[in-house]
Amino acid sequence: MAIYPIRTFPDPVLTMTASDVTEFGEALAKLADDMLETMYAAPGVGLAAPQIGISKRFFVADVGQGPFVMANPVIVEETGSWKFEEGCLSVPDRYWIIKRRDHVRATGLDIEGNPVSYEGDELLGRVIQHEIDHLNGTLLLSRLGIRTRSQALKELREDLPGVRRTM
Ligand code: ZN
């Protein structure tokens, strides 16, 4: 197992649309193990492949009910709405209240390429939506209202090393 460095804003891989996973089996199983280890070490409850620089439609998650992985996930049902304070390992140490669907069901493939389906409310539903956003190159910053987002982007730019003294 190996822990990957986690890519952070504004790394361009985080805003790319990831491509479908087309190869299943041993290499994907190893990637899943490494991503879970990286996620638990962070610590986080979900991690998408683009966050470690791999622009593939794959994520791992564990909201306390055990780990699961999905390749090529698609949301097929979504209901309700739920506001919750949410963070992202790629935008470290920042949290915002974000409104998302309360309940979702997603279908996709497991590491062997077999069909799987996961559904959940609240945190489980939210992590599925958050990770699928990553696969579409969407960071939680894009889910903020315009005023909160411009303030957040201003703060993040000021935090970037060297920005303040680069003329
Ligand atoms: Zn994230």
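Note: the structure precedes this text.
Residues numbered from 1 in each chain as written. Predicted model: local features only at pLDDT ≥ 70, side-chain atom pairs only at ≥ 80, totals over all residues. Heavy atoms only, no water.

A. View of the pattern of salt bridges. All chains considered together, the criterion is met by nine salt bridges. The partner of Asp133 in a salt bridge is Arg100, and the shortest N-O contact between them spans 3.0 Å. Separated by 33 residues along the polypeptide, Asp133 in helix α2 (residues 122-135) and Arg100 in strand β5 (residues 91-100) bring together distant segments of the chain. With respect to class, Asp133 is no different from Arg100; both count as buried. With its nearest N and O atoms 3.7 Å apart, the salt bridge here joins Glu158 to Lys154. Remark: Lys154 and Glu158 occur in helix α3 (residues 146-159); sequence separation between them is four residues, near one turn of the helix. Note on Lys154: relative accessible area 41%, which makes it partly exposed. One continuous salt-bridge network, built from bridges that share partners, spans Glu86, Arg100, Arg126, Asp133 and Arg143. (Salt bridge = Lys/Arg side-chain N within 4 Å of Asp/Glu carboxyl O. Helix = DSSP H or I, 4+ residues; strand = E, 2+ residues; numbered from the N terminus. Buried < 20%, exposed > 50% of the residue type's maximum accessible area, 1.4 Å probe, protein only.)

B. Seen up close, the coordination of the zinc ion. Every protein donor of the zinc ion is listed here as Cys88 (SG), His130 (NE2) and His134 (NE2), and their distances to the metal cover 2.0 to 2.3 Å. On the primary sequence, the residues serving as donors to the zinc ion are separated as C-x41-H-x3-H. In this pair, Cys88 is assigned in strand β4 (residues 82-88) and His130 in helix α2, connecting sequence segments 42 residues apart. For Cys88, a relative accessible area of 7% puts it in the buried group. Under the relative-accessibility criterion, His130 is labelled buried at 8%. (Donors = N, O, S within 2.8 Å, 3.2 Å for Na, K, Ca; no water.)

C. Structural view of the packing of aromatic side chains. Applying the stated criterion across every chain yields a total of three aromatic pairs. Ring centres of Phe59 and Phe68 lie 6.0 Å apart, and the angle between their planes is 80°; this geometry places the pair in the edge-to-face category. Considering the side-chain rings of Trp82 and Phe84, the 4.6 Å spacing of their centres and the 25° angle between planes classify their relative orientation as stacked. For Trp82, a relative accessible area of 18% translates into the label buried. What links up through ring pairs into an aromatic cluster is the set Phe59, Phe68 and Tyr118. (Phe/Tyr/Trp six-rings, centres within 6.5 Å; stacked < 30°, edge-to-face > 60°.)

D. Looking closely at the pairing of strand β7 (residues 115-121). When strand β6 (residues 103-109) meets β7, the two strands line up antiparallel, connected through seven bridges. Counterpart to Val104 in the pairing with β7 is Gly120. Counted between consecutive antiparallel strands, the loop separating β6 from β7 contains five residues, among which Gly113 sits at a positive phi close to 90°. (Pairing = 2+ DSSP bridges.)

E. Broad picture of the sheet that holds strand β3 (residues 68-79). Pairing in this open sheet of five strands is antiparallel, and the strands run β1-β2-β3-β6-β7 from one edge to the other. In the strand order of this sheet, the two ends are held by β1 (46-48) and β7, each with one partner. Across this sheet, the average inter-strand angle for adjacent strands is 40°, counted without regard to direction. In the sheet, β1 pairs with strand β2 (residues 58-61) via three bridges, with the strands oriented antiparallel. By the bridge assignment for β2, Ala48 is matched with Phe59. (Axes fitted to C-alpha atoms, helices over the stretch in contact; angles between N-to-C directions.)

F. Main features of the environment of Met16. As for its position among the elements, Met16 is in the segment before α1 (26-41). Residue Met16 is classed as partly exposed on the basis of its relative accessible area of 41%. When the C-alpha atoms of Met16 and Pro50 are compared, they prove to be 8.2 Å apart, with 34 residues separating the residues in sequence. Those residues in contact with Met16 that sit more than four places away from it in its chain are Ser55, His134, Leu135, Asn136 and Gly137. (Contact = heavy atoms within 4.5 Å.)

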